[in-house]
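Chain residues, written in single-letter form:
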Amino acid sequence: MIVAVIALAALGGAQPAHRDATTDACEEVVRFGLFDAIAPISIAATTAWLDDAPRVCFGYYRERSGPDALLTLAHGDYDIALMGSTVFTTAIERGVPVSAVGILALPTSSEGLATRAGLGEPRSLRGSTLATVRGSTAHYHLEAFLHEMTIDARDVTIVFGQYVEIMRLWDAGKIDGAACWAPCLDHVLTKPHGGTGAPGALLYDAETLLRWGFGTGIVIVAHDDFISRRPDVVQRVVERSIRAANDYRTNRDGPDWTAGRFADAAGRFLAMDLGNETTVPAAFVVNQLGRTEWPDTRTQIGFLEIGIESLQHQAAFSFAQKDLAEPPYEDPSIYLPHIGASFLRAVTTETVPLDAEPDPVPDFIPYAVRAQLPVPGEGCEPFSVIDGDATFDDGSTGENAYARNANCVWALRAPATGCVVLEVPFLSSEALRDRVDIFSAAGDLRASFSGRRRGKRPTTVGCVVPDAPPGVAAALVGGAAPNVDSVALYVRWSTDGYDERAMGAIEPVGFRATARAFAGDLPTCGPGRGGALCDSPCCVGVVDVTGEGGVIKTQVADDAYEPNLRCGWRIPARGGRVVLDVARLGLERVRDVVTIYDGGAAPPGFNTLARPPPVDVFGRTNELSRRTRYRMSGTHAPSTPLVFDNDVFVTFESDGIANGPRDGGPAGLEIRWRRDVVDGDLCPEAASCGRNGRCEEGVCVCDTGYYGETCAFDACVGAAVSDLAPSGRIVSSAGVDYPPDMNCEWFLDIPGREGEGIAGIRLRFDRFDIEAPEGQATTTDRAVVFYSVGPQQGSVLCIFRRVMSQQGQTSAGAAVDPATDETKFTFDDGDTLEVLLPEPAAAGANVQLMLGFETDANNHRPFSGFDVTYGVRFHGGLVFCDEIWPCADGEVCKQNGCVPEESKSSRSRRSRRKLRQLRRGVAIAALVFACVMVLALCVFFGVYARRVVRTKDELETERVRVVRDQVDSARQWVEDFQAPFCVVAADTFIALGALRPHEALRDGPRDADDDECDKQHTRLEFYDSVDDVERARRGGAVFVFLSHQWLGHAHPDPAGIHYKAMCRALQAVAEDAGVALSAVRAWVDVSSIPQANQATQSLAVASLPTFASCVDYFIVVAPDTEHVTTGCGCDAATYRKRAWCRAEVVACWARRGADRMFVATNRGLRPLFVDTGDGVDTYLEECLEVFAGDLTCCRLQHPDGEPCDKEALVPPFLGLIAELYRDRKQRPEAWAKVRDRADELFPRTFSYESGGVTTTLPLFGDLIEAILRLVDSEGTDGASPEPVLRGLAPGTTGQRHVAKAHRRSPHQHSRHLVATAPHSGDGSTLRGSRDAGSLRGSPGVLFRALSDRVVRRSPPAALRELPTASPAVTERSTAATVATAASAATVATTETPRDNWASSPPASPWSSTSLWSSSRSPESKTGSSERRLTWALPTGRAERPRVSTVSLQPVLPTVEDV
């Protein structure tokens, strides 16, 4: 993917020039950020084409990814940014004031997933490790691909990093594949895996995902402030970007873009971006430009205005991946203010060549491609001491970039006044990553600056601290540093290893600071002001609060606070208590956080000496965890004041994107604090504990699930220390949904016991309801048991997570091994778990354990947390017990220990002897009775044996005959048509002007009011057999099958969209075949299938696979459009999800191959199947799964017990399989596609759901194996095929009726019947009768007996072991035999179908929008008549079948079912 970022100028006005001569000539510099990729607009970077000197000049920078581009844009350092549409949705959802003004590109083959050798199929990805850039469009496409391929995201390990890091991981062999864009994708495709393996292979590209409906784009995004201030500059960028893209599309094969000056200009840009002074080969430029689609103005407007639903779906993806803390907006109008399509509509020069006026592209300008790179030898010293007044900087000179990976420290010694004032008049650096930090002599953070924003920075004053702690300098340097006395301030300049490589109108970078002596008193700043001289409108660094009370605020005004703030307030208790009343809390949820620590020591990040030693699983030391009292975010402030009996340290940290609540309102933090004198009790009045606690002995005792000194929180906050106790109970929260971003710890002090060492702890989770990964929604919520060995050491004993079972239902939890991250065992609520220490503690020694609870950025649905009871377990098996933790059954609690229950002393020996005698007598009597019963059974079965054997043989012979009849009928099914093959000449079709029904073309005009088109074109051509079609083909006719979805309930193509696409397709076919339009014959459903007569219509529908397999061209008509009735999208993606559409595609492919199968889309006629290079075509692989496709009858749950369309597809596909197997030597590749997946593609059974009850019914049974054996036996002379069919089960019970029905004449089909059984085999009643208007049509003429679902509860394998009764069907003098596989079918509970993004339940964040819901025409209703027959139900035993009466009713299909 190509992602470029156009730098945002300072919000305060024009950019002043500095040291560079190129910027001295400009009034304003617009910063334009680019990536290591080429676009047509890239020529502007090397020719200054966007400049409007002297008013506006452009400087070009480089960003690493779209998320980084958004961060820099929101920070205020850039004007315009091009970022992926997925990142753009994140900006809108987080409230960043930006707007999309255009689309730069639609990625095709420039973005995708490349994998190592051996991972050439999607299913092989399970267990692999893949890398991508988090939150990017490549990440979105990867998750979409995994979901479409039904690969659970938990089966694949996904690691995140910048694309440069991903390339290093590939070279080291630490990943199996990478989802990224050029040049990362090119690197994986050309470099050996791990240095010695084969290069990667492309598994999919962005164009594949676009065809599936997961389209993304590179969006031109501008900051709203810049749009209002300089709309002319935004228009200039949009207009010239479109103009350059159009010139490339028009002249891509011309000399300028293949080897001329435009290719050279783009090549020089890429070369300079890579740090070279030359260019790159023209062939490389051509390759890079040709792998991306550069859209025109009309396409861009459509993407922005029509694609809002797609943006919402990408926002749902970001929420599922935890990149968004709050649920996406459901109202699409939220996006409208951020769509600035007016700039696109104002474009007037799109078609003007780049060499023509106005504003032709200038020639190459040397200064424009001079990269701003660091110069070896320039930089700063690791440690320097400054005495007196001085100016110092980062060490870079002129136009050079500052050094990478720098870490320089200056110690500012104080003069006689004892204080130093420091100012930073110049700073230009990469936001957040390259920064200036200022620390006091004691190590407290005083200020931190980064980025390119203009304006005066707060002044910092530092004074000598007499008792300053040692080691501050060494901590800043990261190693040994000399001891320096009389230090007032420390300054640190740190940079990362990334270089932006500025080009064009480059500006000076780095920093410059000035230090001088300071004398005088410092002012007292008002609430919200920061800096030593109160010259900042927001808080800055750490402040030591004085006085007896006051107000703490993050900023003066109530609007958005500053980005990247790190503020701290140290409030001393001075022998009293500190009371904090949170008056306002208006922060961006999760991203901006207030943390309150117990004690006055600053936490890491706020004091250089507070670097944590070895950390626990939560990333903090135990000591720091104990100090964390509260962590707050969002807008819900505690309802009561917070009380502390110790010093307090309050911190506030904000990120660089959104600076306030998403939905508006007052922003920032306001705390009113006071210091009270301690009078003995923290809660002298009961009211101080609120409604959720009570005051006991001066301390608030909170109700279960409430926390805080005043019980103000309904979920855990920070750390809690238990009393010394061997057992207890912990409830994480009292509410129905615990908050995000929780970090809670409970420190359990467990006392030892004399003579017994503690071996571990017993846990019982009475409730374990934390978030579990579902589909593509990830989570890191977990509970952890941590063993504290010392104050700062310990080990994780066990991790508890929530998991999903294989059936898609949520299990209560799973214990995870922290060493391997693998599940050790799962547990349900109420189960007892034991967590053992690495080794038992010494006898009598106390043990401290910590139970932690950590949550991520959001919950995709409400979760209530956990409720756990714990108790100590001693070494030697002695388990602690008390009233909270009782002993198990068979044990009693003695002296707080569980021991086996002893026998009662009152039981005498005589009573025990009598009991033994009684038991012995009962055993003898039971033995005698058993012998008598065995003898009786032997006599009974001896008499019955002959009858059983004879009946079994008869039933097996009947079953073999049924299987043979089904196979023979299926082979006859595909040999010829079941209804006439009706086509219309292409020239006649094009002259119609719209799709016409079959009867209009067959009969011609019936009165004078018929339109002129019907009067002139009234002919249909009818072919009664396949031989007729072959004769016409030899005479020069070319047959085309046009397959499409209906776009309306009343009409298949109300707006003529499909008709126009069909006309274009027919013209393309005529041109490809080299014949006139009059020689082309088109088949299209509404014109070729009767619409008025239901009986003849059903015959034609049942012949659809045969029709599709005998044509010369097969064309899928699926341009992007909408269903006029439902408003749902209809395109190639929704087409291929339909089972009948898949059946047509596979039927043509099976007989004709894929050479002449195409798809007609908005972009013309393209091959239907595209080989990705490894022999695997995902489109064909998906179409082969015919019986996994969508069917209307299944969606409606077969009302009134109507038959399923899957059964109508069994005969033609059995016939096609026979042909593929017979011709396997001539077409080995086609047979190979089916051979290895036969069980999956043609299932033995299927789930039939009707009336809320799901039943497993036979579908193919063993017919696949039967037809293969019969084909093999045909080569054996004189051999009977019956022996090879023994032991094989028949397929769906409607097969024989279908086989007989297809040989009837059209007038007979009005009497075809489907069986429904009023009575089950066990005497229970099934109400299966239906009134005349209740039947819905389904493709094919089917018969089904509902008695198939009234079966003995036996496994499917019983069909092979037990005989199946043959029902006798009688009507007057006509008798027919119908076989059933009822003994194999079992009544099943209702199961949730496999999720997909079009039909998954609303609880999943992936399905918050209906972006790909397919449309379906309604089925017509038909009348019904009833007949009677008798049906022999199998009993599963070798006895005479029972006879039950069955009611039969007709079911007729309609063409709209297809």
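These numbers come from a predicted model, not from an experiment. (Residues numbered from 1 in each chain as written. Predicted model: local features only at pLDDT ≥ 70, side-chain atom pairs only at ≥ 80, totals over all residues. Heavy atoms only, no water.)

## Examining the overall build of the chain
And step 1. Across its full length, the chain carries 38 helices and 64 strands.
And step 2. Buried residues in the chain amount to 57% of all 1458 residues.
And step 3. Counting contacts in the chain only where the partners sit at least 6 residues apart, residues at least 24 apart contribute 78% of the total.
And step 4. When the accessible area of the chain is evaluated, it comes to approximately 58500 Å², of which 51% is carbon and sulfur surface. (Helix = DSSP H or I, 4+ residues; strand = E, 2+ residues; numbered from the N terminus. Buried < 20%, exposed > 50% of the residue type's maximum accessible area, 1.4 Å probe, protein only. Contact = heavy atoms within 4.5 Å. Areas by Shrake-Rupley, 256 points an atom, 1.4 Å probe, with all protein chains shown as cover.)

## Comments concerning the packing of helix 4 (residues 85–93) against helix 15 (residues 308–320)
And step 1. Running from N to C, helix 4 and helix 15 cross one another at 80 degrees; their axes reach a closest spacing of 9 Å. On the basis of their axis angle, the class for helix 4 and helix 15 is roughly perpendicular. On the side of helix 4, the interface is formed by S85, T86, F88, T89, T90 and E93, while helix 15 contributes L311, Q314, A315, F317 and S318.
And step 2. Residue composition of the contact of helix 4 with helix 15, grouped by class: 4 nonpolar, 6 polar and 1 charged. (Axes fitted to C-alpha atoms, helices over the stretch in contact; angles between N-to-C directions. Parallel < 35°, antiparallel > 145°, perpendicular 65-115°, else oblique. Nonpolar A, V, L, I, M, F, W, Y, C, P; charged D, E, K, R; others polar.)

## Here's the deal with the pairing of strand 49 (residues 1080–1084)
And step 1. By the criterion of burial, strand 49 is predominantly enclosed, with 5 of the 5 residues buried.
And step 2. Along strand 49, one buried face is formed by V1080, A1082 and V1084 and the opposite face, lined by R1081 and W1083, is buried too.
And step 3. Across 2 bridges, strand 46 (residues 981–985) lies against strand 49 in antiparallel orientation. Across the sheet, residue A985 finds its bridge partner in strand 49, namely R1081. (Pairing = 2+ DSSP bridges.)

## Notes on the packing of helix 29 (residues 1139–1152) against helix 33 (residues 1210–1222)
And step 1. As a packed pair, helix 29 and helix 33 sit with axes 10 Å apart at the nearest point and diverge in direction by 25 degrees. Comparing the axis directions of helix 29 and helix 33 gives the class roughly parallel. In the crossing of helix 29 with helix 33, the sense of the turn from one axis to the other is left-handed. Note on element contacts: helix 33 touches helix 29 through F1213, L1216, E1219 and L1220, opposite A1143, V1146, A1147, A1150 and R1151.
And step 2. Split by residue class, the contact of helix 29 with helix 33 holds 7 nonpolar, no polar and 2 charged. (Left-handed = near helix turned anticlockwise from the far one by under 90°.)

## Focus on the sheet that holds strand 26 (residues 593–598)
And step 1. Taken together, the 5 strands give an open sheet; going across it, the order is 22-24-29-26-27, and neighbouring strands pair in mixed fashion. Of all strands in the sheet, those bounded by a partner on one side alone are strand 22 (541–544) and strand 27 (628–632). Mean inter-strand twist for the sheet, computed between neighbouring axes without regard to direction, equals 15 degrees.

## Brief notes about the packing of aromatic side chains
Think of a pair of aromatic rings as described by two things: how far the centres are apart, and how the planes are tilted against each other in angle.
And step 1. Under the criterion given, the structure shown has 46 aromatic pairs.
And step 2. Here F1041 and F1114 contribute two aromatic rings whose centre-to-centre distance is 5.3 Å and whose plane-to-plane angle is 10 degrees, an arrangement assigned as stacked. Of the two residues, F1041 sits in strand 48 (residues 1038–1044) while F1114 sits in strand 50 (residues 1113–1117), which places them 73 residues apart along the sequence.
And step 3. Ring pairs connect the aromatic residues Y707, Y738, W746, F765, F768, F800, F827, F853 and F866, which therefore count as one cluster.
And step 4. Taking NZ or CZ as reference, R134 lies 4.8 Å from the ring centre of F160, over its face. (Phe/Tyr/Trp six-rings, centres within 6.5 Å; stacked < 30°, edge-to-face > 60°. Lys NZ or Arg CZ within 6 Å of the ring centre and 35° of its normal.)

## Points about the sheet that holds strand 3 (residues 80–84)
And step 1. As summarised here, the arrangement of the 4 strands in space is 3-10-4-11, forming an open sheet in which the pairing is antiparallel. A strand with exactly one partner marks an edge of an open sheet, and here the two such strands are strand 3 and strand 11 (292–293).
And step 2. Of the strand pairs in this sheet, strand 4 (residues 98–107) and strand 11 are connected by 2 bridges, and their pairing is antiparallel. The partner of P107 across the bridge, within strand 11, is T292.
And step 3. Along the sheet, helix 3 (residues 66–75) contacts strand 3, strand 4 and strand 10 (218–223); its crossing angle with strand 3, the most-contacted strand, is approximately 150 degrees.

## Some points on the pairing of strand 50
And step 1. With 5 of its 5 residues buried, strand 50 lies for the most part within the structure.
And step 2. Taking every second residue as pointing to the same face, both faces of strand 50 are buried, with Y1113, I1115 and V1117 on one and F1114 and V1116 on the other.
And step 3. Note that strand 48 and strand 50 share 5 bridges and pair parallel. In the sheet register, H1044 faces strand 50, and the bridge partner there is V1117.

## Structural notes on a positive patch on the surface
And step 1. Taken together, the side chains of R913, K914, R916 and R920 define a basic patch exposed on the protein surface.
And step 2. Along the chain, R920 falls in helix 19 (residues 909–973). (Patch = residues over 30% accessible without salt bridge, like charges linked within 9 Å, V, L, I, M, F, W, Y side chains within 5 Å. Salt bridge = Lys/Arg side-chain N within 4 Å of Asp/Glu carboxyl O. Lys, Arg positive; Asp, Glu negative; His and termini not counted. Charge placed at Lys NZ, Arg CZ, Asp CG, Glu CD.)

## Examining helix 24 (residues 1057–1073)
And step 1. With 17 residues, helix 24 should cover 24 Å at 1.5 Å per step; its first-to-last C-alpha distance of 25 Å lies within 8% of that length.
And step 2. What helix 24 keeps buried is the set H1058, Y1059, A1061, M1062, C1063, A1065, L1066, V1069 and A1070.
And step 3. Phi turns positive one or two residues past the end of helix 24, at G1074, with a value near 75 degrees. (Expected span 1.5 Å × (residues − 1).)

## Describing the state of the cysteines
A covalent bond between the sulfur atoms of two cysteines is what we call a disulfide.
And step 1. One pass over the full model with this rule turns up 10 disulfides.
And step 2. Between the sulfur atoms of C180 and its disulfide partner C184 the distance amounts to 2.3 Å. Judged by the torsion about the S-S bond (-80 degrees), the C180/C184 disulfide is left-handed. The two residues C180 and C184 agree in class, both being buried.
And step 3. Through a disulfide, C380 is tied to C408; the S-S separation comes to 1.9 Å. When the S-S torsion is 80 degrees, as for the bridge of C380 with C408, the disulfide is right-handed. One end of the pair, C380, is in the loop between helix 16 (342–345) and strand 12 (383–387); the other, C408, is in strand 14 (residues 407–413), with 28 residues separating them in the sequence.
And step 4. Looking at the unpaired C1204, the closest cysteine sulfur is the one in C1194, lying at 3.7 Å.
And step 5. The class for C1204 is buried, based on a relative accessible area of 0%. (Disulfide = S-S within 2.5 Å.)

## What about helix 36 (residues 1263–1273)?
And step 1. Of all 11 residues in helix 36, 8 are buried; the element is thus mostly enclosed.
And step 2. Every buried residue of helix 36 is listed here: L1263, I1264, A1266, I1267, L1268, L1270, V1271 and S1273.

## Section: the nonpolar core
And step 1. Counting 85 residues, the largest nonpolar core has F981, F1039, F1114, V1145, W1149, F1242 and F1260 as its most contacted members.
And step 2. Looking at which element gives the most residues to this core, the answer is helix 29, with 10 residues.
And step 3. Aside from chain neighbours lying at most four places away, what touches F1039 is F981, V983, Y1023, V1029, A1032, R1033, R1081, V1111, D1112 and Y1113.
And step 4. Among the nonpolar cores identified, the runner-up in size contains 84 residues, and I92, A100, I220 and A502 belong to it. (Core = buried A, V, L, I, M, F, W, Y, C linked by side-chain atoms within 4.5 Å.)

## Re the side chain of R243
And step 1. With respect to the element layout, R243 can be found in helix 10 (residues 231–251).
And step 2. Of the buried charged residues, R243 lacks a salt bridge, with D359 as the closest side chain of opposite charge at 5.3 Å.
And step 3. In this structure the side chain of R243 is engaged in a polar contact, spanning 2.8 Å, whose partner is the backbone oxygen of A356.
And step 4. Separated by 3.2 Å, the side chain of R243 and the backbone oxygen of D359 make a polar contact.
And step 5. If we skip the residues at most four places from it in the chain, R243 touches W49, T349, E350, V352, P353, L354, A356, P358, D359 and P360. (Polar contact = N/O pair within 3.5 Å; in protein donor to acceptor, adjacent residues only side chain to side chain.)

## Quick word on the pattern of salt bridges
And step 1. Under the counting rule described, the total for this entry stands at 67 salt bridges.
And step 2. Two residues, R1033 and E1030, come together in a salt bridge whose shortest N-O distance is 2.8 Å. Of this pair, R1033 and E1030 both sit in helix 23 (residues 1026–1034), separated by 3 residues, roughly a single helical turn.
And step 3. The class for R1033 is buried, based on a relative accessible area of 17%.
And step 4. For R1237, the salt bridge is made with E1181, and the minimal N-O distance between the two is 2.5 Å. With a gap of 56 residues between them, R1237 in the loop between helix 34 (1228–1235) and helix 35 (1238–1241) and E1181 in helix 30 (residues 1178–1183) connect regions that are remote in the sequence. The two residues R1237 and E1181 agree in class, both being buried.
And step 5. A cluster of three or more residues bridged by salt bridges with shared partners is formed by R64, D68, E430, R433 and D496.

## Regarding a nonpolar patch on the surface
And step 1. Side chains of L915, L918 and V922 sit close together on the surface and give an oily, nonpolar patch of about 280 Å² of accessible area.
And step 2. By the element assignment, L918 lies in helix 19.

## A word on the side chain of T1106
And step 1. Looking at the element boundaries, T1106 is found in helix 27 (residues 1104–1108).
And step 2. Among residues more than four places away in sequence, those in contact with T1106 are W973, V974, D976, F977 and R1151.

## Regarding the confidence of the model for the chain
And step 1. Summing up the model confidence of the chain, the mean pLDDT is 77 and the portion of residues at 70 or higher is 80%.
And step 2. Strand 58 (residues 1335–1336) is the least confidently modelled element of the chain, averaging 26 in pLDDT, while strand 6 (residues 129–132) averages 96, the highest of any element.
And step 3. Confidence drops under pLDDT 50 across residues 1–22; counting only partners more than four residues distant or on other chains, this segment forms 111 contacts.
And step 4. Residue range residues 613–622 is modelled with pLDDT below 50. Its contacts to residues more than four positions away, or to other chains, number 29 contacts. (pLDDT = per-residue confidence, 0-100.)

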